[in-house]
Structure formats: C-alpha cells, structure tokens
Amino acid sequence: MRRLIRAATASVCILVGLAGCLSMGRGQGPIDTFAFLAGTNKVLGADVVGAINERAEPKEIRVVVPAGTDLHGLVATLSLNKEAVITVISSGTRVVQQNGITVNDFSVPVTYALEIAGDKKPWSYKVFVRVADTNARLSMLLLPPGSLLRPPFTGAVHEYALEVPFATSSFRLGARGESPYLKSVSIDGAATPGAAATSVVDFTGVTERRVTVETLAEDGATRAQYTIDVQRGAPDTNAALDALDLQDISLVPSFTPSQQGYQALVPFSTARIVVHARPQSRVASVGLSAAQGSGGSAPLSFTGNPSDSAGAIVDLPPGPGTAIVVTVTAEDGTVQQYLVDVRRAPPDHNSDLASLSASAGALNPPFSPRAGVYSIALPAEVESVTVTAVAASPVASVFVIPRPGSAPAPGQSVVVPVPAGGSTQVAFAVRAEDGTQRVYRVQVTRALPPPDGNALLQSLQVTGAPIVPGFNPSVILYDARIPADVESVVVQPMAQSRFAAVAIDGQPVAGGGRVIVVPRGATRRVIIDVTAQDGTLIRTTLRVTRDAAPASPPPQGGGSGGAVQGGGQGAAPSDGGQPGGQGAGGAPQGGGQGPQPGAGPLPPPPPDTGRDRVFVTARNLRLGQREVAALQAAGDQVGTVAQITVRGYRSTEVITRYSAPVEVRAQGPNIAVSIDAPSNGVTLKRDRMVEVETAIRTRAGRFLSYTEAQQGDDKVQVDIPFLVYGTDPRVAWPAPGSPVAVGGYMSLLPAGKERASDKADFDRNPKGELAIAVEIVDARTNASYGKDSVLSRAGPRRDRVFSFGKAIQVPEGAAVRVVLSATARNGTVWTAAGQAQVWTTAMGYPSGFQPVILPIGDELAPAK
C-alpha cells in the first residue's frame, strides 16, 4: 500500500511539473498565525499580525510594525494547529521558546524550528520584521507628449507649471512614489491604492487649471501634496514640409523645405501617381489641389492623405500634364504652398520584340528584332509548337494575328497545331505606345512521318488446306497439302501495315488473293513478298503439295474443313523443308519464345560485300520499367523481328540493313528480350564512324530501339544496354556546336605496353595511383574548355578508360587537344598530348546521351 501511495505521489509531481512540486514545500505548517500582541509588547499600540508564505522552504513570515518601533526586544505569539516544541535556531544555538513570553531581537531575520511528535524533521520559519515606511514623496511625474514642465521635476519640489500643446483637450497624467510601499496616490481627488497612479485630465475649453497630486505613506499618517498649474501653449506656426516625393518619380530639383517649386516627368501612359508630403510639425495639416489654369477647371481627384505613410493616390487628367499644389496649414492658420508641375513624357515608339521563341524546333533565321519573317521546321512526331513573343518595351502591346478579340499584353504565347506534312503561319503585331506597329510572322512546317518499315504479314489464308506451322508473323516458311482431286488453292496474304505492298511470285496481289494451280503429285513454291514503305522486304515461302493419288474414303462421320487462317495439321513433303504433322503457334507477345523450330529462318542478311562484320547482341535484356509501363498503357506488344540498319555516322547512307529474330520472355512483371544478329560481310571505312540502329517494331507500329556509333573496323560489336520505346528509332545526335559533356579519355596504348613514366618517381596514393592533370583546349584557338585530373596505375593491367571527376563541357564536333601532365619528385614535368574530335556516340537512359570519351595516346614523356 505504501508503495502505491508513493507511486501516486510521484505521478502527481510529474504531471504538475517538477518546479511546481518543489515550490509547494511541505504544505500547511503548524503555525496558523504569527503576531506581536500589544498586551505583551508595550511599544505597540495595537496587535500586529504577520503574513505567512507557506510555499517557501523554509517558510517565510513577514511583519510590518508601526514607525518608531524598537525591533530589538519584541515578543512573538504563535497560534499553532498542532502541539510543538518551539526553538529559535538563527543564532546557531538552539534556544527553546516560551510562546508569547520569550523576547527576541527582530532587527535581523529570526529562524524558528517547530518540532512535532511523529515528524521526521522540524518545520522551519524565517521571520522578517521591518518598520513601516514613512516616505510619501514622488519619484516622477508622467507628462503628456509635447508638454513642458517648469521647474524640472524633483520629489523635493511640490509646485509646478505645466504647458501643454495648443490643441490639447485632455491629457493623461501619471505619478509614481519613491517608496514601493506607498499606500496610495490621488490625482485630482481620485485615489489609487499602491505606489503609482494615472488619470485623464480634462482640458476642454479652458486655457489653464490646477491639478493636485496627493500621496499617503505606508505608515498611514505621512502625506505629501504636489500642485501642477496647467496652461495651454501658443499655437504652432510651422507650415513647412519635412519631405515631399512622388513615388518612383524624381523631383527636379531635389526637395528642400525652402524650395516651393518642382517639376516631375512621368511616363506617357501614367494615369496615377502617389504623392507623399510630410509636414515638419506634427500638428500641421496637408492638402492637395490643382493649380489654377492647370488641367482645366476640374478639381484634383485623389484618395488618401499625403501625410500618411501610404500617401495620396492622385489621378492625372488627360493631356500633357497638370500642376499639383501641396498646401501646408500650421496650427495657427499659417499657410505655405509647394507647386509640383507634373508633365508626361512623349509616347514610346519602340515596336520591336525583345524575344521570339519556340517550344520545339529552332527559329530560322535566329531571332533579331529587325527581322520580321521566320520559319520553324518540326519533326513528324511533334504535332504542335508554342510560339512566345515578348515586346522590348514594357509599354508596348503584342497582338496575335488573326485572333479577333485577343487581349493585348506585353507578351503572347500561342499553341500552333500543324498537320503532318503541312504548314501553318502565326503572326504577332507589336504596337508601340505612340501607335507605331511592327509585324513578325512565323511559318511552321511539320515533316511527314518517316517511311513505314513494317514488312510483316497480318494473316495468311489458303483455301481448302491448313498451313503448317500455324500462322505467326515471325515464321517465313509454311507447308500446305491438298488432295489429288483439288487442282488449285487461293492464297490470300494480308500485310500488317496499310502502307506495305504484297506480291505473290513477283506480281501484286489483288484483294481476292491469287489462284495457285498445282499439278498432281507436285509441290508448288509460292513466294510471298511484303515490301514496307521504306523498302524493307520480308519474303515468306509457302510450299503447296498436291497428292499423287486420291485419298482413301474417310471413315463415317468424318469430314474436311474449309478455309483455315493459320494453324491446323497436315503433312509436308520432304523437299528440303521440315516435316509437318504438328501445327506450332508463334510466341505470344511480351512472353514465351521467338520463332519455333521448323519455322524456317528469317530473310538472310544481304550477300557478302566485304570482309568486315557487325555483331548486335542482347542477352536476356530486361526492358526498363518506363518501357513496360508505356507498352501496357498503349495496349502494345513487343514484336519478334529486329531490323538492324548500319549507316554512315550522321548521314542517310545505308551501308547494310538486315533482320534478326527476337526472343521475348515474360519474367513476372518484367519483359526480357534476346537478340543475336551478326551481319554478312560488309565493307567499313576505317576513317569513318558508323551508327548501328536496332529497331524492334511493336504490334502498334511503334519501336523499341537502341543506336550506338563506333569507328569503322573489321569487327563492330554492339551489346545493347537498354531499349527505348518511341515512334521513330532514328537518333537525333546533338547539333554541331551545341555543348556536350566530355567524361574522360580512352588510352590508345596497348594494354601490355610498359610506359617510361611507370619507372619514374612520382608521388602516388596508397593504391599506387598517379594523379595526372588533364586539360582540354581548342585545337585551333588554344582556348581552354576545362581542367581535371585522373588516376593512373603503373603496370600492364592499368585501365584503358580514365574518367574525370566532373564532366567538361565542349562543343559537339569541336577539334580539341588533350594535354596531360604530371610532375615527378625531382621536379621534372612529364607530358603527353593528343588530338581528337568530340562526337557523341552513345545514347543515355532514360534520355540524353552518355558523356563523350576521347581516344588519345597517353604515354607521358619528360617535357623538353
């Protein structure tokens, strides 16, 4: 139980607060009252009771006795609520007290200890006794602003004269005593308990009056009286301004209080001005008016007070300007006027544009305020462009032509939709403040979409005979078998793309297909060519075999189906094709596998024309989450044919183009593709770069693509790091001259070559790496593009690519020199220099491009 009580007590202390628990002390003590009774103290004419502070520790008792009381021999009487042994311990010695009998010296604090049976420690009280204060003097008078007291206040002087401002109708007067124990302060007979008081003194309609301030000291007997003769001062005669300004407008000459005339020039379009006029005297008033004969006979229109911090808003009437009179009236009626002649500046005649910009494409020619006709060429995939025109003058207005009712503004932005292969014009008229007008015209054209490259079949139907394997766009070899008594079939191929042309055996296919006659016991090869709009060709071979003898009658209940689109079963002849009997479906889009065994290869690459080869690979490459989400959002699926196009770098010259199968696998929510696409022999120039574009057409006619550029060589290897989803696989490399990032350099030295600098004595870090300073400079002007450093390790296993800590910005296509230097411990400077051209060769993900890596020789040698 005791533990519970202690825990509860502790909880209360925590909730109330540590400071509160400590300040409460031990609560109510055993003393109810502490008094000096007149019956036991002959120096007192009446009982005096002290005030007990129970919160202190030790507890405090404060007693005030009448003035003149001798504190050295007083007898205290304690009224107790519990029986206790009373002792005085303040002297350091325990002196037992007889309540109401023992005499003590109270000229210094006296400490009592009360011992109660059962309590662990005594109760302590500290008693402070002082004689009542007799000081009734004032320490200060609180006077109204702008008043003058004569003589200056001192508590020893009791008569004063007070002059208040002329306009005073009432004022607040305050008084504070020297003694904090003052009993009361009275002002004009109104008493306020305590040592201070304030009172509002009425001064309406009089020129003078007397105010009396009386005080009563703590002893209740001592008093003091102060008289104040209040007089009204003379009216103020100051009618001068302390400040005058027109907000954001200069005055000529600059303001001085003694100058009464000013001029101000405002912009032509100004309709309002803000006038600030502050008088020197706080009792003066300020007014505004129109000068006689200025701006017609109409009065000046304004709002607000010019002497306020916000000023007065003045409406300027039409015309060349107006003269404003600022009138200052002093308290005594004295008037002083200041004239401000406000004139409008001539209207601005600037009708130029400051800027003309487009959200897509580039202005041709580059913008110049003096050129009025421009063109913008948009790529096919950009359907609209936002053209923004901003006037050079802040007071000019820009209009869009033709747009009736368009609100004029300092700037205009217009969304210009353009049909594919079409052209749309937008025009802006800039009207200057004086009415001068200039027109700027922008002709926006949009390119046609690139030729469609889809050469896949949508379907292949053969009347009366199923095809084997079942139809799949990635399968290019099929077999069909017809009975001996069927002389012909109708072959109906349909292309996926409406732009593709379909031919059977070199002849265009009509809508109803082509009748194919097959002799009995023979196999007829049918060549189906689908030519895409861009010239891509995919050839599909259909082998139709007719039985030599009629088939045996089918069993009862059997029958044969009609025309079949893809799928079904049958047997194929053994004329070089795969045996039939099992209809194989194609790989589902976004999962499964690519072309099935027995489906035949895709069209072979072009015939060998040289000894160089291009290899494109992707090993179980996962599509990015962005691409997966885009495919799902568009309801699109990954195709199973990749088209590889090898071009001259930054050109339209196609060196070779071929197709390769794509294996598509679903991996949970992810999609992975694999490609192995070697080219046949080609001829690549060693002094030119080539760009290798890999494009997988999706079911919706879009592309998953990747492009990389490399130097022509006997073997060009492209390992695809990612694929991007879009409408056009062609990469727009950074424009020559545009800033691109150079991220480092590649050493052209053989990996095993030992360098002379490896044997030199350089400061190296704990990993044995040497810091080499690198600077890239313009090869023609020698201007520096930037500096950095790389770390190089000695020995044949050093890295071949050295990366900068921070990319250096260099213009695309710039010819640069790369200067390397390092200082050995003996002070010898080792240098190397190489020249290269800055070309971006690799795409970045999810957008942009990888920093350029410059190929240079980095064999350091002592500087000569």
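Quick caveat: nothing in here was measured; it's all calculated off a predicted structure. (Residues numbered from 1 in each chain as written. Predicted model: local features only at pLDDT ≥ 70, side-chain atom pairs only at ≥ 80, totals over all residues. Heavy atoms only, no water.)

1. Quick notes on the overall build of the chain
The number of helices and strands found in the chain is 3 helices and 62 strands. Scored against the burial criterion, the 864 residues of the chain give a buried share of 41%. For the chain, restricting intrachain contacts to residue pairs at least 6 apart in sequence, the fraction spanning at least 24 positions comes to 65%. When the accessible surface of the chain is totalled, it reaches about 44100 Å², and 53% of it is carbon and sulfur. (Helix = DSSP H or I, 4+ residues; strand = E, 2+ residues; numbered from the N terminus. Buried < 20%, exposed > 50% of the residue type's maximum accessible area, 1.4 Å probe, protein only. Contact = heavy atoms within 4.5 Å. Areas by Shrake-Rupley, 256 points an atom, 1.4 Å probe, with all protein chains shown as cover.)

2. Some words on the sheet that holds strand β10 (residues 110-115)
Spatial ordering of the open sheet is given by β3-β4-β11-β10-β7-β8, a layout of 6 strands whose pairing is mixed. The open sheet is flanked by β3 (51-53) and β8 (95-96), the only strands paired with a single partner. (Pairing = 2+ DSSP bridges.)

3. Topic: the pattern of salt bridges
Taken as a whole and judged by the stated rule, the model has 28 salt bridges. Close ionic contact of Asp 612 with Arg 686 constitutes a salt bridge, the shortest N to O distance being 3.1 Å. Within this pair, whereas Asp 612 is found in the loop between β46 (564-565) and β47 (613-622), its partner Arg 686 is found in the loop between β50 (670-678) and β51 (689-697), the two being separated by 74 residues in sequence. On the accessibility criterion, Arg 686 (42% relative accessible area) is partly exposed. Its salt-bridge partner being Glu 812, residue Arg 650 comes within 2.4 Å of it at the nearest N-O pair. (Salt bridge = Lys/Arg side-chain N within 4 Å of Asp/Glu carboxyl O.)

4. Let's talk about the packing of aromatic side chains
Working definition: an aromatic ring pair is given by the centre-to-centre distance plus the angle between the planes. Scanning all chains against the criterion turns up 18 aromatic pairs. Relative to Trp 839, the ring of Tyr 649 has its centre 5.9 Å away and its plane inclined at 80°; by these criteria the two rings are edge-to-face. Here Tyr 649 is found in the loop between β48 (641-648) and β49 (654-667), whereas its partner Trp 839 is found in the loop between β60 (829-837) and β61 (852-856), with 190 residues between them in sequence. With a relative accessible area of 11%, Tyr 649 lands in the buried category. Ring geometry for Phe 762 versus Trp 830: centroids 5.9 Å apart, planes at 65°, classification edge-to-face. Of this pair, Phe 762 sits in the loop between β55 (739-747) and β56 (769-778) while Trp 830 sits in strand β60, placing them 68 residues apart in sequence. (Phe/Tyr/Trp six-rings, centres within 6.5 Å; stacked < 30°, edge-to-face > 60°.)

5. Some remarks on the pairing of β49
Bridge count for β48 against β49 is 7 bridges, and the pairing is antiparallel. In the strand pairing of β49, Ala 642 is matched with Ala 660. Hairpin connection from β48 to β49: 5 residues lie between these consecutive antiparallel strands, with Arg 650 at a positive phi of about 60°. Alignment of β49 against β50, held across 6 bridges, turns out to be antiparallel. Bridge pairing links Val 662 to Ile 675 in β50. From the end of β49 to the start of β50, which pair antiparallel, there are 2 residues, and Gly 668 there has a positive phi angle of about 65°.

6. Details of the nonpolar core
Grouped together as the largest cluster of nonpolar side chains are 39 residues, with contacts concentrated most on Val 614, Val 616, Val 638, Ile 720 and Leu 723. Look past the residues within four positions of Leu 723 in its chain and what remains in contact with it is Leu 621, Leu 623, Glu 627, Val 673, Ile 696, Leu 704, Ser 705, Tyr 706 and Tyr 845. In this structure, Leu 460, Val 502, Val 526 and Ala 532 belong to the second largest nonpolar core, which totals 29 residues. (Core = buried A, V, L, I, M, F, W, Y, C linked by side-chain atoms within 4.5 Å.)

7. Some thoughts on the sheet that holds strand β53 (residues 715-719)
Read from one edge of the open sheet, 8 strands run β53-β47-β50-β49-β48-β51-β52-β54, paired in mixed fashion. Edge strands, defined here as strands with exactly one partner in the open sheet, are β53 and β54 (724-726). Between one strand axis and the next, the sheet turns through 25° on average, direction left out of account. On top of the sheet, helix α3 (residues 625-634) reaches β50, β52 (703-711) and β54; it is set at about 30° to β54, its chief contact. (Axes fitted to C-alpha atoms, helices over the stretch in contact; angles between N-to-C directions.)

8. Points about the confidence of the model for the chain
Per-residue pLDDT for the chain has a mean of 86; in total, 88% of the residues score no lower than 70. Per-residue pLDDT stays below 50 along residues 1-24; that stretch engages in 5 contacts with residues further than four places along the chain or on separate chains. (pLDDT = per-residue confidence, 0-100.)

9. With respect to α3
When α3 is considered as a whole, its buried residues turn out to be Glu 627, Val 628 and Leu 631. Within α3, the buried residues cover an arc of 100° as seen down the axis, which keeps them to one side. Turned more than 90 degrees from where α3 packs its buried face, Gln 625 and Ala 633 sit exposed. The elements touched by buried residues of α3 are β50, β52 and β54. In the segment just after α3, Gly 635 is the residue with positive phi, at about 65°. (Arc of directions from axis to C-beta.)

10. Quick look at unusual backbone geometry
Note on backbone geometry: most residues besides glycine have negative phi, and most peptide bonds are trans. Each neighbour pair has its own omega, and for Val 252 with Pro 253 the value is -5°, a cis peptide bond. On the secondary structure map, Pro 253 appears in the loop between β21 (241-246) and β22 (261-266). Note that the residue after Tyr 845, namely Pro 846, is joined by a cis bond; omega there is 10°. Structurally, Pro 846 can be placed in the loop between β60 and β61. Of note, Asp 248 is a non-glycine position whose phi angle comes to about 65°, a positive value. By secondary structure assignment, the location of Asp 248 is in the loop between β21 and β22. For Asp 248, a relative accessible area of 79% gives the class exposed. One non-glycine residue, Asn 782, lies in positive phi territory at about 65°. The topology assignment puts Asn 782 in the loop between β56 and β57 (784-793).

11. Brief notes about the environment of Val 638
Following the sequence through the fold, Val 638 ends up in the loop between α3 and β48. Considering only alpha carbons, one finds Val 638 and Ile 671, 33 residues apart in sequence, at a separation of 9.0 Å.

12. Some thoughts on the environment of Asn 99
Note on placement: Asn 99 falls in the loop between β8 and β9 (103-104). C-alpha separation for the pair Asn 99 and Val 85, spaced 14 residues apart in sequence, amounts to 9.6 Å. Excluding residues that lie within four positions of it along the chain, Asn 99 makes contacts with Ala 76, Thr 77, Leu 78 and Ile 86. Engagement of the side chain of Asn 99 in a polar contact is seen with the backbone oxygen of Leu 78, the distance being 2.6 Å. (Polar contact = N/O pair within 3.5 Å; in protein donor to acceptor, adjacent residues only side chain to side chain.)

13. A word on the environment of Ala 771
Looking at where Ala 771 falls in the secondary structure, it is placed in strand β56. Expressed as a C-alpha distance, the spacing of Ala 771 and Ser 792, which sit 21 residues apart in the sequence, is 6.6 Å. In contact with Ala 771, other than residues within four places in its own chain, are Val 790, Leu 791 and Ala 822.

14. Thoughts on a nonpolar patch on the surface
On the surface, a nonpolar cluster with roughly 310 Å² of combined accessible area is contributed by Met 746, Leu 748, Val 801 and Ile 853. Locating Ile 853 in the fold gives a position in strand β61. (Patch = residues over 30% accessible without salt bridge, like charges linked within 9 Å, V, L, I, M, F, W, Y side chains within 5 Å.)

15. Considering the side chain of Arg 446
Inspection of the secondary structure assignment puts Arg 446 in strand β36 (residues 437-446). No salt bridge is formed by the buried Arg 446; the nearest opposite charge belongs to Glu 383, separated by 4.5 Å. A polar side-chain atom of Arg 446 sits 3.3 Å from the main-chain carbonyl oxygen of Val 382. In contact with Arg 446, not counting residues within four places along its chain, are Leu 378, Pro 379, Ala 380, Val 382, Glu 383, Val 418, Pro 419, Ala 420, Gly 421 and Gly 422. (Lys, Arg positive; Asp, Glu negative; His and termini not counted.)

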